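# What the coordinates show
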Number of protein chains: 2
Amino acid sequence: MASKAFSKLNALTSTLGKAAGKPIRIGVMGSGNWGTAIAKICGENAREHPEIFDTQVHMWMYEETVPYQGEQRKLTEIFNSTHENVKYLRGVRCPSNVYANPDVRDVSSRSDILVWVVPHQFVERICHQINGSVKSGSVAISCIKGVSVQEESVSLFSDVIQKHTGMYCGVLSGANIANEVAREKFCETTIGYDPDDTVNPRFTPEVISALFYRPYFRVQMVKDVAGVALGGALKNIVAVGAGIVDGLGLGDNTKSAVMRIGLMEMQNFGHVFFNCDRLTMVEQSCGVADLITSCLGGRNHHCAVAFVQTRKPMHVLEKELLNGQKLQGAATAKEVHAFLRHHNRVHEFPLFTAIYRIVYEGMPPEDLINVI
Amino acid sequence: MASKAFSKLNALTSTLGKAAGKPIRIGVMGSGNWGTAIAKICGENAREHPEIFDTQVHMWMYEETVPYQGEQRKLTEIFNSTHENVKYLRGVRCPSNVYANPDVRDVSSRSDILVWVVPHQFVERICHQINGSVKSGSVAISCIKGVSVQEESVSLFSDVIQKHTGMYCGVLSGANIANEVAREKFCETTIGYDPDDTVNPRFTPEVISALFYRPYFRVQMVKDVAGVALGGALKNIVAVGAGIVDGLGLGDNTKSAVMRIGLMEMQNFGHVFFNCDRLTMVEQSCGVADLITSCLGGRNHHCAVAFVQTRKPMHVLEKELLNGQKLQGAATAKEVHAFLRHHNRVHEFPLFTAIYRIVYEGMPPEDLINVI
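A quick note: this is a predicted structure, and the numbers were derived from the prediction, not measured. (Residues numbered from 1 in each chain as written. Chains lettered and ligands numbered in written order. Predicted model: local features only at pLDDT ≥ 70, side-chain atom pairs only at ≥ 80, totals over all residues. Heavy atoms only, no water.)

## Looking at helix α10 (residues 252-274) of chain A
All names here are of chain A. In plain terms, the rule: Helix numbers and strand numbers start at the N terminus; a helix is a DSSP run of H or I with at least 4 residues, a strand a run of E with at least 2. Every helix has an expected span of 1.5 Å times one less than the residues it contains. Only protein chains enter the calculation, and the probe is 1.4 Å; a residue is then buried if its accessible area is under 20% of its type maximum, exposed if over 50%, and partly exposed in between.
Over its 23 residues, α10 extends 32 Å from the first C-alpha to the last, a length consistent with the 33 Å expected when each residue adds 1.5 Å. Buried residues dominate α10, accounting for 17 of its 23 residues. Of the residues flanking the end of α10, it is asparagine 275, one or two places downstream, whose phi is positive at about 55°.

Dropping the structure here:
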């Protein structure tokens, strides 16, 4: 039960505190709505566990000038006086020990644990910006959703961060919508974290868990880093499938069957290409729970319903419904299909393949259930 | 893919046919809407695989007189001339090789495989009725949802059938709504079947699968009989939990978290009390898919939403919304709670316990997420 888990955590962190040296300094890279929600959580925990963490959490904020109470003000200045990110997470007050720092190299150089919450297209650029400033022996946690799929390979953003910065990087992912987490609506998340012996032994899974665990944000720790990262990307493909079923009006049994088959293909993909633990996808928040949330609602599901009902091409719907943004599930289905074709394993993923063919090759949506 | 699986099945059944002796005779006990839908499936497969099965499938139909085209007619006579169960599955035509037989002992005495689809309160009585008439060496498959929970023990209906008739009994369960299956809407099911050496070796898992597999009704065979049976009972408790979350307006992340925690408690219950395979609940239709369907809609979910929104006691809502029928999820929560208390394991099932306390002991629904 929660209270039991909580007192266990308190006992644990007090032990950790006694064993530890200098308080661990936390930095959060990014201050969008998810970044600010994560910084709020880290700030709450840094304050609650001063025996482990330095109380001040630095959040790197890209400096912008915004209109505020009739004048143009810097976003960092507003945040540091009001503790509210008035541009990206309006109406949520962060604890006052979260400090918005506009200097990305300063944040990286002072942090023992660096939490990454930036849009995925900026990851490499920021790695280059902080080049040479990363604190020796520090570790990273990536809260960036998804993976980067090329024809030959699938890259986890945690691997990109590790490659460019030298920091060991774990992954946090789950059924987490930033606005709901920020408003402390109960949910769960999964952290994949399995550092080898070269990583500072102070940064145990218990310390990482203590940094993110809140009564409203439950953390499960697993060793399967790739599995955690893949769940958040592949579920978007399945959500398109669930939307197709709903668009066709096939009913809840068919929908849950397509979701189950999708979950099995997510599991199989992780197993075949990353040797993932079979249980991550089917037992953890980053797998089954995130999949369920995405298939209940969300833009992938909604666009797929509209796709079936209007029979307009997806690029037209993306313009009409998403202001020209690419639909993640459709884009991922395309990338994953090219990757599977390259590796000659298309036939092992009939649902992923069918969704690709329906969206991009004119296969009738009605045929979905005949080919899976 | 479906077509591949199908041709594999055809090759397999042709081998089976050559190896087999006399065609296997199929009986279906029960002709409600689920019984008729199952008899339709068995009839289709018996006709499709004459090398394995006797083409005629006998469906035991409790004889009733019903008004039909201006006169009072026997339900069996109408069925055998129209191939439609006009009382319990109107509008669905069964194949003409399904024969409605009003003599329960005749059905049991002629059947090599006896498929049970009767309301659970009649199981024992029917076992007594057919006492002495069961064909020697025959096996059974129970399609009866749920389990029977007493304070000291949980009984599977498959065990009840086995105990009273001596037939080995497997279990079929999944995300299957009778009306949707009967109308050939795509779904999946799981069959738990693991006979020991004393059972006629002709009744292989492949034969059982061939009896139920349709392109619109996908069968997965597992050995974990208890896991299959438990899924269909315990998911109703979790559906009440999902309804409480929706009634409180907590959002899809919280809902998927409660569903995931519920799935883990279902898995744990099976593991602790029946040594079930951990994968049955999280990978099969009888577990995760049936749970999803039940949490998307259905009476357990709807009643729980109404319970939270009106704060009326459940027995009042049962009267108002279910015509006085007991809400399965609530009743199962109560039985399971008494069972867990008896075995001193309440603390291992915080979600099941919370749902019991909310429905029966006046715990505020808002406290759900504080205690799980």
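Read on for the rest.
## Some words on the domain arrangement of chain A
Residue and element names in this part refer to chain A. Stated precisely, the cut-off is as follows: An automatic or database domain assignment is the source of the domain bounds shown. Contacts between residues were defined by any pair of non-hydrogen atoms, one from each residue, lying within 4.5 Å. We define buried area as the total accessible area lost by two parts upon association, computed with a 1.4 Å probe and summed across both. The rule for a salt bridge is simple: a side-chain nitrogen of Lys or Arg has to be within 4 Å of a carboxyl oxygen of Asp or Glu. A 3.5 Å cut-off defines polar contacts: any pair of N or O atoms within that distance qualifies, except that in protein one atom must be a possible hydrogen donor and the other a possible acceptor, and neighbouring residues in sequence count only when both atoms are side-chain atoms. Each residue receives one of three labels: charged for Asp, Glu, Lys and Arg, nonpolar for Ala, Val, Leu, Ile, Met, Phe, Trp, Tyr, Cys and Pro, and polar for the others, Gly being one of them.
Taken domain by domain, chain A comprises domain 1 (2-223) and domain 2 (233-371). Computed from C-alpha atoms alone, the centre-to-centre distance between domain 1 and domain 2 is 30 Å. Across the boundary between the two partners, domain 1 contributes 19 residues, which contact 16 residues of domain 2. Around 1400 Å² of area is buried between domain 1 and domain 2 when both sides are counted, 63% of it from carbon and sulfur atoms. There are one salt bridge connecting domain 1 and domain 2. Two residues, lysine 145 and aspartate 290, come together in a salt bridge whose shortest N-O distance is 2.6 Å. If you look at where domain 1 meets domain 2, you find six residue pairs in polar contact (both at pLDDT 80 or more). Elements with a contribution of two residues or more to the side of domain 1 that touches domain 2: β8 (147-149), β9 (154-156), β11 (187-192) and β12 (217-222). Among the elements that take part in the side of domain 1 that touches domain 2, β11 stands out by supplying three residues, more than any other. Of the residues in the side of domain 1 that touches domain 2, the class split is seven nonpolar, eight polar and four charged.

## Considerations on the environment of phenylalanine 307 of chain B
Residues and elements named next belong to chain B. Tracing the sequence through the fold places phenylalanine 307 in helix α13 (residues 299-310). Looking at phenylalanine 307, the relative accessible area reads 9%, which means it is buried. Excluding residues that lie within four positions of it along the chain, phenylalanine 307 makes contacts with Lys312, Pro313, Met314, Leu317, Ile358 and Val359.

## Points about the interface of chain A and chain B
Each side of the interface is counted separately: chain A has 44 residues, and chain B has 44 residues. With both sides pooled, the region where chain A packs onto chain B buries about 3800 Å², and carbon together with sulfur makes up 55% of that total. Viewed at the interface, chain B and chain A are joined by four salt bridges. Where chain A packs against chain B, one counts 23 residue pairs in polar contact (both at pLDDT 80 or more). Mapped by element, the contributors of at least two residues to the side of chain A that touches chain B are β11, β12, α10, α11 (278-283), α12 (285-296) and α17 (368-371) of chain A. The class makeup of the residues in the side of chain A that touches chain B is 22 nonpolar, 13 polar and nine charged.

## Some remarks on the UniProt feature "domain: Glycerol-3-phosphate dehydrogenase NAD-dependent N-terminal" (unreviewed entry) in chain A
Using the following cut-off: UniProt positions are given in the numbering used here, feature names are shortened, and annotations may be inferred rather than shown by experiment.
Per the UniProt record, the feature "domain: Glycerol-3-phosphate dehydrogenase NAD-dependent N-terminal" (unreviewed entry) sits at residues 26-195 of chain A. End C-alpha to end C-alpha, residues 26-195 of chain A measures 18 Å, and it is 31% helix and 29% strand.

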